[in-house]
Amino acid sequence: EAKTSGRNAVRFFDPAMQAVLVVKMMLESNLRVALALEQFQLYYQIQVDADGKVVGAEALLRWIHPDRGFISPLEFIPLAEQTGLIVPIGTWVLETACMQLKKWSRDPKTAHLSLAVNVSAKQFQQSNFVETVTEIVRLNNIDPSRLKIELTESTILDNVDATTEKMQQLKKLGIAFSMDDFGTGYSSLAYLQKLPLNQLKIDQSFVRDLNDDESDATIVRAIISLGLNLGLDVIAEGVETVAQRRFLIEHNCLTFQGYLYSKPIPIEGLNALLTGDINEHSFFLTPSEADE
Ligand code: C2E
Ligand code: MG
Ligand code: MG
Ligand code: MG
């Protein structure tokens, strides 16, 4: 941003613009120390099957800033991508997630769970990404098939041959892949068939108005049948209502993630939920969602 503003220097003197830039620069330098100071945390959001059984979780990064409090990944991930800091941050995410998988593997109540981790384009494109993942999986001695890497269409399509090659290497190791936010990008059907994917994740923007918007309903039905016909699992994200779940089940999408079940929560809450110490799921819902 600063570079493009330089060409049009007048914008530097717009106080509002300048304030935005200053905040951004502060965030960037804070981001550099956040890792060292252990200000990052993983939150976990459960993934549930049609019987209500927890089948896994998605790890979602949280930055707890000493002054600003919670900063959304939607705000700092793009900045981390631009600065390259996503690489060490992403490695920390993978390490933390695999350590968690290792802990789960020791308890029969949790050993079956999979854990999905978001990997961004810059991180996936590192020349040593396969080695990094291999090493983390090996060091933690986990079943690689419990780890699921979520990639977006744009990450994959950026350089489809190189990406497919890397995915194949990781797939050989046993690692699973989900295509996140599916339907929002520009995947060609020909690629979809060739990619070593395990799962399509229907983007929440199509799930939101599923029951009111006929074109969203049509898109969701099409994604489900596409995925199933290609032999993939299909999961819907952003499932907030019983009506959405009912529609999805009717159309054979049988795995769900969303506030209907739980928001992303810290590991303590998740473990309590998994081991049955808390069986009141609505504990994790906001009042309006619990009303449903
Ligand atoms: P995503 O991977 O598509 O994650 C789903 C987002 O939807 C999460 O937002 C989650 O909290 C939110 N969500 C889940 N259920 C519901 C629901 O029922 N209703 C609504 N309205 N939202 C729901 P979050 O945690 O803010 O993460 C945003 C994005 O940031 C993620 O989108 C992902 O692209 C990125 N992100 C998060 N953690 C990481 C990470 O460790 N590495 C990378 N590279 N990106 C990450
Ligand atoms: Mg995701
Ligand atoms: Mg998503
Ligand atoms: Mg999304």
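Remember, it's a predicted structure, so these values are computed and weren't measured experimentally.

## Focus: the coordination of the magnesium ion (ligand 2)
Phase 1 of the analysis: Each protein donor to the magnesium ion (ligand 2) is listed here as E58 (OE), N118 (OD1), E150 (OE) and D180 (OD); together their distances run 2.0 to 2.2 Å.
Phase 2 of the analysis: For the magnesium ion (ligand 2), the donor residues sit on a single chain with the sequence spacing E-x59-N-x31-E-x29-D.
Phase 3 of the analysis: Separating the magnesium ion (ligand 2) from the magnesium ion (ligand 3) is a gap of 3.9 Å, which D180 spans by donating to each of them. With E58 in strand 2 (residues 54–65) and D180 in strand 6 (residues 176–182), this pair connects stretches of sequence that are 122 residues apart. Each member of the pair, E58 as well as D180, is classed as buried.

## A short note on the nonpolar core
Generally speaking, nonpolar side chains in soluble globular proteins are found buried as a group.
Phase 1 of the analysis: The biggest cluster of nonpolar side chains holds 75 residues, and the ones touching the most others in it are L31, W104, L147, L170, L197, I202 and L248.
Phase 2 of the analysis: Considering every element that reaches this core, the biggest residue donor is helix 4 (residues 86–105), with eight residues.
Phase 3 of the analysis: Not counting chain neighbours up to four residues away, the residues in contact with L248 comprise I202, L210, V220, I224, A236, V239, C253 and F256.

## Topic: the packing of helix 2 (residues 15–36) against helix 3 (residues 73–83)
The angle between the axes and the distance between the axes are what describe a pair of packed helices.
Phase 1 of the analysis: It is the contact of helix 2 with helix 3, at a shortest axis distance of 10 Å, that shows an interaxial angle of 75°. One way to sum up the angle between helix 2 and helix 3 is to call them roughly perpendicular. For the pair helix 2 and helix 3, contact is made by K24, L27, E28 and L31 and by E75, F76, L79, A80, Q82 and T83, respectively.
Phase 2 of the analysis: Looking at the contact of helix 2 with helix 3, its residues break down into five nonpolar, two polar and three charged.

## Points about the coordination of the magnesium ion (ligand 3)
Phase 1 of the analysis: Protein coordination at the magnesium ion (ligand 3) comes from D180 (OD), D181 (OD), E237 (OE) and E237 (OE), with a distance range of 2.1 to 2.6 Å.
Phase 2 of the analysis: Read in sequence order, the donor residues for the magnesium ion (ligand 3) give the motif D-D-x55-E.
Phase 3 of the analysis: Residue classification places D180 among the buried residues on the basis of a relative accessible area of 7%.
Phase 4 of the analysis: Since its relative accessible area comes to 7%, E237 is described here as buried.

## Focus: the environment of L151
Phase 1 of the analysis: When you line up the elements, L151 lands in strand 5 (residues 147–152).
Phase 2 of the analysis: On the basis of relative accessible area, L151 is assigned to the buried category, the value being 1%.
Phase 3 of the analysis: With 54 residues separating them along the chain, L151 and S205 place their C-alpha atoms 17 Å apart.
Phase 4 of the analysis: When neighbours within four sequence positions are excluded, L151 is seen to be in contact with V119, F124, I156, M167, F177, S178, M179 and D180.

## Focus on the packing of aromatic side chains
Phase 1 of the analysis: Counted by the stated rule, this structure contains eight aromatic pairs.
Phase 2 of the analysis: Note on F40 and W92: the rings are 6.3 Å apart at their centroids and 45° apart in plane angle, and the pair reads as tilted. With F40 in strand 1 (residues 40–49) and W92 in helix 4, this residue pair connects regions lying 52 residues apart in the sequence.
Phase 3 of the analysis: Residue classification places F40 among the buried positions, given a relative accessible area of 5%.
Phase 4 of the analysis: We classify W92 as partly exposed; its relative accessible area is 23%.
Phase 5 of the analysis: One cation-aromatic arrangement involves K263 over Y259; the distance from NZ or CZ to the ring centre is 4.9 Å.

## Overview of helix 2
Phase 1 of the analysis: Across its 22 residues, helix 2 extends 33 Å between first and last C-alpha, which sits within 8% of the 32 Å expected from 1.5 Å per residue.
Phase 2 of the analysis: By the burial criterion, the buried members of helix 2 are L21, L27, L31 and A34.
Phase 3 of the analysis: Backbone nitrogen of A16 and a side-chain oxygen of the N-cap are separated by 2.9 Å at the start of helix 2; the cap is D14.
Phase 4 of the analysis: Of the residues flanking the end of helix 2, it is E38, one or two places downstream, whose phi is positive at about 60°.

Basis of the calculations
- Residues numbered from 1 in each chain as written.
- Chains lettered and ligands numbered in written order.
- Predicted model: local features only at pLDDT ≥ 70, side-chain atom pairs only at ≥ 80, totals over all residues.
- Heavy atoms only, no water.
- Donors = N, O, S within 2.8 Å, 3.2 Å for Na, K, Ca; no water.
- Helix = DSSP H or I, 4+ residues; strand = E, 2+ residues; numbered from the N terminus.
- Buried < 20%, exposed > 50% of the residue type's maximum accessible area, 1.4 Å probe, protein only.
- Core = buried A, V, L, I, M, F, W, Y, C linked by side-chain atoms within 4.5 Å.
- Contact = heavy atoms within 4.5 Å.
- Axes fitted to C-alpha atoms, helices over the stretch in contact; angles between N-to-C directions.
- Parallel < 35°, antiparallel > 145°, perpendicular 65-115°, else oblique.
- Nonpolar A, V, L, I, M, F, W, Y, C, P; charged D, E, K, R; others polar.
- Phe/Tyr/Trp six-rings, centres within 6.5 Å; stacked < 30°, edge-to-face > 60°.
- Lys NZ or Arg CZ within 6 Å of the ring centre and 35° of its normal.
- Expected span 1.5 Å × (residues − 1).
- Polar contact = N/O pair within 3.5 Å; in protein donor to acceptor, adjacent residues only side chain to side chain.

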